[in-house]
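Architecture at a glance
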Amino acid sequence: MLFMRLIVFYQKNLSRHTCLYEPTCSEYMKRSINNKGVILGILYGCWRLLRCNPFSKGGYNPAPEKYFRLKWVL
């Protein structure tokens, strides 16, 4: 829950909203944590941040889903 709150704080106060991907990198990490758990979610988010650079194409890249699992609610 702490990681989700840190991401929301970043989105509201620090983010410049210039990500090339849809959803944004911070939203992707938040969804990954929600869908896959804290450890895997952070790993997926870090991998996404490594791919997010000025030379990437960007585009639509949804967070991985895991069905039939209890999800966090903010």
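What comes next is a walk through the structure. (Residues numbered from 1 in each chain as written. Predicted model: local features only at pLDDT ≥ 70, side-chain atom pairs only at ≥ 80, totals over all residues. Heavy atoms only, no water.)

1. Digging into the overall build of the protein chain
When helices and strands are tallied, the protein chain shows three helices and two strands. What you see in the protein chain, going N to C, is helices and strands ordered as α-β-α-α-β. Burial statistics for the protein chain: of 74 residues in total, 30% are counted as buried. Taking as baseline every contact in the protein chain between residues at least 6 positions apart, the subset at least 24 positions apart corresponds to 65%. (Helix = DSSP H or I, 4+ residues; strand = E, 2+ residues; numbered from the N terminus. Buried < 20%, exposed > 50% of the residue type's maximum accessible area, 1.4 Å probe, protein only. Contact = heavy atoms within 4.5 Å.)

2. What about the side chain of Lys 30?
Locating Lys 30 in the fold gives a position in helix H2 (residues 25-36). A polar contact is formed between the side chain of Lys 30 and the side chain of Gln 11, at a distance of 3.4 Å. (Polar contact = N/O pair within 3.5 Å; in protein donor to acceptor, adjacent residues only side chain to side chain.)

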